[in-house]
Each structure stands twice: as C-alpha cells, then as structure tokens.
Amino acid sequence: MKKLSFLLFFTSILTFGQTDQRIYDIINEVSADRIKKDIKTLTEFGTRNTFSDTISNTRGIGAARRWIKSEFESISKNCNNCLNVFYQKDLVTKKGNRRVPHDAWIVNVVAVQKGTKFPNRYIIMSGDIDSRASNTMDFKTDAPGANDNASGMAGTIEAARVLSKYKFESSIIYVGLSGEEQGLFGGAGLARYAKKKGWNIIGVLNNDMIGNITGVDGVIDNRTFRIFSEPVPANETERQLRARRFYGGEVDGISRQLARYTHKMTKTYMPEMNPMMIYRLDRFGRGGHHRPFNDLGFAGIRIMEAHENYTQQHQDIRVENGIKYGDTFEHVNFDYAKKLTAVNAITMANLAAAPPAPKNVGIGGIVEASAKLQWDKVEGAVGYKIYWRDTTSPTWDNSRYVGDVSRFILDGIVIDNYFFGVAAVGKDGHESVVVFPSKIVRKW
C-alpha cells in the first residue's frame, strides 16, 4: 500500500510539474518574417486614421480592415474553416466627442476560433487597426503607424496563423480594434457586444506597440517587456471594497491574476525574456484598449515594449533639429515583435487548454496555526493547486497540488502571513488562472 501511495504521488509530481512540448512548438512556429511582411503591408495604406478613406482599396482604414479580414479568412481556409470571421461595428458621432471630426462607423475585425469543450469561454488577443499623425483630427496626412500599432495588429494575425493549427477546449478570439486613438471606441464596442452576447471572457491581451527596442531613454533592450494590469475590478461593489480593509486583496483582482499568469508562462517557457509587471492600468495618465473590457468587469491586460521612443509616436513624418520624427517601418524590430507575439500565443494556448477556474473560493483559519481553503469543483479539472505568497511578493511563489478535492488544510501555515489562491488543473497539467478567495469560511 505504501509503495502504491508513493507511486501515485510520484506520478502526480510528473504530471503537474512537466511542461508541454506543444507550447515550445508554438513558440518556434511564430515567424518574424511574416510579422515583418504584415507590418509593411499595413504601413503602405498611407494612413489608417479611424476617419480616413473607407472607399479606396489602397489607402485608408477601409482598405486596411478589408485586408485584415481577408488575412483572417485565408487563415481560416487553411484550417478547414476553423475561424468565424466577421465585422463588428458601432456608429460614433461628432456630437459630444471632441476627437471625432465627423460621424463614422467604428469597425472591428473579429476572428473566433471555437473551443471544443467550453465554446463560450473566450480568450482575446487584440491589436489596433488605426494610426494617427501629430493631430489626431488630421485624417489625411500620412500616418504609417508601423509600431503604433501595426506591430500589435501583425502579431495578432500571426498568432491566429499559428494557433489555428491546434484545437483547444476554450475559444480564442483574434481581433483588430478601431478607434483607439480617438477614445478607445473599438474596444468599448466589442466589450458591449460581448456582454450582450453573454460571452464568458476570461482574459483580454491587448497588444499596443510590441516592436520597438530603442528607447528615448537611451536604453536598447530586446528582452524586456511590460505587462500593465489594474489592481481590482472597476465595477467592484462597496461591500468588496470594505472587505479588503480586513482581508487584503488590494493587488489581487482578476486582471492582476491574468498578468501573473502571463508572467508565469513567460518565465516557464521563455526564460530568456524579462516580463515586468507594472502595477497600473496603463502608462501614467494614458489608456489602452483593454480598459473598456476592464470597465465592464472583464480581466484584461496590456502587453507592450519596455522602452518607448516618443519621437516615433503620434508624430508627423519630418526631420527637426536633426531628429527624425515619425512611426515608420525602419524603426521596428521584427524579432522582438516575434517574441512578444509568442508570449501572447503561449498564454492563450495554456489558458485555452486549461479547465475553468475554481468558483466560490473561500478561506478560513483565523487565529489558528493553519490555513483552510475550499472551493467549488469545475468541469474538466482533475485536481487543484493551492498557491500562496508573502504579502509583499508580486508573484505566486509557493504551491501545493492537493488532488481532486474541494477543500484542504495547509497545516503550519498561518493565514495572517500570506496571501492565498487556488487554480484548477487539467489532465495534461494545464492550469487555470489563480483565484483569490472571495469569502471567509468560519465553520469547517
């Protein structure tokens, strides 16, 4: 009996401690050359300003979005029509919008790869279609937008090429969003659409500028990138806010857990990369297309380069005092864009292969020498893993696989000294995001 117990224990260590070779395959399949080609194509539309030409086949945002849609459709054809490709649009008007020069349709290009087991669970990767010149109201001046944000859009298309070759239990959405520069209109429209359709969005990976390695600060770095995430949901209740004063969780909202998940996947499968978790919704005082999803209670993060060059953002193409201004093709590092595309791809692949996260996670053990956790089991999980960390640590540093149970006691670990969470584990070892306890268990 002891030998059998040890064998089962050893098997569980192997099953839930190994990495998945398919994830390494996905990393290797991402192509810098294809990303380069797509960025070049996007810059050649002249300007992709949200309010630019929609009729021409060679210039303006209309031509750009039709090309993006055709790329998604071509990818779908190569995977036996595995993608559902469509436009999602909303009308914005000049009235009440100071950055809107005229009424226009904000058109997003959406490609949905349906999951085999949980088709209504969605992981979203987004890039922005639109670009801008120095004046965001100027929709006629050339604005190639090579890094901001042809890089994120090209990365999203490339992720679709790679991941469409695989099947996942949950659904993945690849989307080009419009209207980012004028007020995050595209993201807001798709977030409302998702809410209306009842989509269970478990994560949004917003890619905005993933191709620059030479910063205005003088740093050249092709390994570091930033992951922005808000600390707690924007739509939390007053009761949840009050509870944090006594139980903690100021940095443990669903978007922050998604950021930690991305960080963990990167350190596991791409250890040469240096992911920086930035404890802020976005850059100081600025915004990105994950925010509208956050506003409606969905988990969302921004993935982007670590060192920006402001002479190449939101600038008319010109030379001034010996400085070349403009977001042009020659400034993009395609190998770096490949790496950040791979970061997205492996995060989505792991999430889409994992079971749903455990529900109704509760914690107890007040004034005791042990921490007690319980949760509701979820479909597809073969076991669960408890995580804990020092209250000052940004990452989940300690874990224990506890098997197919719905409650567990961590003897000798005092609840006062750590933060805790629970993840569901699938048959191939893929894990859900970690869920921070949402209730206190007083009776065990």
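No experiment lies behind these values; they were computed from the predicted model shown.

## Thoughts on helix α7 (residues 185-197)
Along an α-helix, a turn takes 3.6 residues, which lines up residues three or four apart on a common side.
At step 1: For α7, spanning 13 residues, the distance from its first C-alpha to its last is 18 Å, which sits close to the expected 18 Å at 1.5 Å a residue.
At step 2: In this fold, the buried residues of α7 make contact with β1 (83-92), β2 (104-113), β4 (170-177), α6 (180-183), β5 (200-207) and α10 (291-295).
At step 3: Positioned one or two residues after α7, Gly 198 has a phi angle of 75°, which is positive.

## What about the pattern of salt bridges?
At step 1: Counted according to the given criterion, the structure contains 24 salt bridges.
At step 2: Salt-bridge contacts for Arg 244 lead to Glu 236; the nearest nitrogen and oxygen are separated by 2.5 Å.
At step 3: Relative accessible area serves as the criterion here: at 18%, Arg 244 is assigned to the buried category.
At step 4: Between Lys 264 and Glu 431 there is a salt bridge whose closest N-O contact spans 3.5 Å. Here Lys 264, found in helix α9 (residues 254-269), pairs with Glu 431, found in the loop between β16 (418-425) and β17 (439-440); they are 167 residues apart in sequence, far enough to count as distant.

## Quick look at the sheet that holds strand β6 (residues 224-228)
At step 1: Taking strand neighbours across the sheet as the criterion, the eight strands line up as β1-β2-β4-β3-β5-β8-β6-β7 in an open arrangement whose pairing is mixed. Looking at which strands have only one partner, the edges of the open sheet turn out to be β1 and β7 (274-278). Pairwise comparison of adjacent strand axes, ignoring direction, gives a mean angle of 25° for this sheet.
At step 2: Examined bridge by bridge, β2 and β4 share five bridges and lie antiparallel to one another. Paired with Val 109 across the two strands is Gly 176, which belongs to β4.

## Quick look at the packing of aromatic side chains
At step 1: The final tally for this structure, using the stated rule, is eleven aromatic pairs.
At step 2: Ring geometry for Phe 86 and Tyr 193: centres 6.2 Å apart, planes at 40°, overall tilted. Of the two residues, Phe 86 is situated in strand β1 and Tyr 193 in helix α7; the sequence distance between them amounts to 107 residues.
At step 3: For Phe 86, a relative accessible area of 18% puts it in the buried group.
At step 4: Assessed through its relative accessible area of 25%, Tyr 193 is described here as partly exposed.
At step 5: For the pair Tyr 166 and Phe 168, a centre-to-centre distance of 6.3 Å together with 35° between the ring planes defines the contact as tilted. You'll find Tyr 166 and Phe 168 in the same group, each marked buried.
At step 6: We note Lys 69 situated over the ring of Tyr 87; from NZ or CZ to the ring centre the distance is 5.3 Å.
At step 7: Directly above the aromatic system of Trp 396 lies the positively charged group of Arg 389, at a separation of 4.4 Å from the ring centroid.

## Looking at the packing of helix α3 (residues 32-43) against helix α5 (residues 146-163)
At step 1: Put simply, α3 and α5 touch, their axes get as near as 8 Å, and they point 135° apart. Taken as axis vectors, α3 and α5 run oblique relative to one another. Read as a crossing pair, α3 and α5 show a hand that is right-handed. Along the contact surface, α3 presents Arg 34, Ile 35, Asp 38, Ile 39, Leu 42 and Thr 43, while α5 presents Ala 146, Ala 150, Ser 151, Met 153, Ala 154, Ile 157, Glu 158, Arg 161 and Val 162.
At step 2: Residue composition of the contact of α3 with α5, grouped by class: nine nonpolar, two polar and four charged.

## Some thoughts on the state of the cysteines
At step 1: Applying the stated criterion to the full structure yields one disulfide.
At step 2: Two residues, Cys 79 and Cys 82, share a disulfide whose sulfurs are 1.9 Å apart. Here Cys 79 and Cys 82 share a disulfide; its torsion about the S-S bond, -80°, makes the bridge left-handed.
At step 3: Residue classification places Cys 79 among the buried residues on the basis of a relative accessible area of 16%.

## Brief notes about the sheet that holds β16
At step 1: The strand order across the open sheet built from three strands is β14-β13-β16, with neighbouring strands paired in antiparallel fashion. Taken across any chain shown, the strands that pair with only one partner, and hence form the sheet edges, are β14 (398-403) and β16. Sheet twist, expressed as the average angle between the axes of neighbouring strands with direction ignored, equals 20°.
At step 2: With five bridges connecting them, strand β13 (residues 383-390) and β14 associate as antiparallel partners. Opposite Trp 388, over in β14, you have Asn 398 as the bridge partner.

## Re the packing of helix α2 (residues 21-29) against helix α11 (residues 334-353)
If you want to describe how two helices pack, look at the angle between their axes and the distance between the axes.
At step 1: Packing of α2 against α11 brings their axes to within 9 Å, and their N-to-C directions diverge by 150°. As judged from the angle between their axes, α2 and α11 are roughly antiparallel. The interaxial crossing formed by α2 with α11 has right-handed handedness. Of α11, the residues touching α2 (which contributes Ile 23, Ile 26 and Ile 27) are Lys 338, Ala 342, Ala 345, Ile 346, Ala 349 and Asn 350.

## Section: the environment of Gly 152
At step 1: Looking at the secondary structure, you find Gly 152 in helix α5.
At step 2: The exposure class of Gly 152 is buried, given its relative accessible area of 0%.
At step 3: Each C-alpha atom of the pair Gly 152 and Lys 40 lies 13 Å from the other, and the pair is 112 residues apart in sequence.
At step 4: Ignoring any residue separated from it by four or fewer positions in sequence, one finds Gly 152 in contact with Gly 127, Asn 207 and Ile 210.

## Quick look at the nonpolar core
At step 1: Counting 89 residues, the largest nonpolar core has Phe 72 and Tyr 174 as the members making the most contacts within it.
At step 2: Looking at this core, the element that brings in the most residues is α11, giving twelve residues.

## Notes on unusual backbone geometry
At step 1: Put simply, Asp 148 and Asn 149 share a cis peptide bond, and its omega is 5°.
At step 2: Looking at the secondary structure, you find Asn 149 in helix α5.
At step 3: In this model, Leu 184 sits at a positive phi of 60°, which is unusual for a non-glycine residue.
At step 4: Of note, Leu 184 is situated in the loop between α6 and α7.
At step 5: The class for Leu 184 is buried, based on a relative accessible area of 11%.

Rules used throughout
- Residues numbered from 1 in each chain as written.
- Predicted model: local features only at pLDDT ≥ 70, side-chain atom pairs only at ≥ 80, totals over all residues.
- Heavy atoms only, no water.
- Helix = DSSP H or I, 4+ residues; strand = E, 2+ residues; numbered from the N terminus.
- Expected span 1.5 Å × (residues − 1).
- Contact = heavy atoms within 4.5 Å.
- Salt bridge = Lys/Arg side-chain N within 4 Å of Asp/Glu carboxyl O.
- Buried < 20%, exposed > 50% of the residue type's maximum accessible area, 1.4 Å probe, protein only.
- Pairing = 2+ DSSP bridges.
- Axes fitted to C-alpha atoms, helices over the stretch in contact; angles between N-to-C directions.
- Phe/Tyr/Trp six-rings, centres within 6.5 Å; stacked < 30°, edge-to-face > 60°.
- Lys NZ or Arg CZ within 6 Å of the ring centre and 35° of its normal.
- Parallel < 35°, antiparallel > 145°, perpendicular 65-115°, else oblique.
- Left-handed = near helix turned anticlockwise from the far one by under 90°.
- Nonpolar A, V, L, I, M, F, W, Y, C, P; charged D, E, K, R; others polar.
- Disulfide = S-S within 2.5 Å.
- Core = buried A, V, L, I, M, F, W, Y, C linked by side-chain atoms within 4.5 Å.

Geometry only, nothing functional implied.
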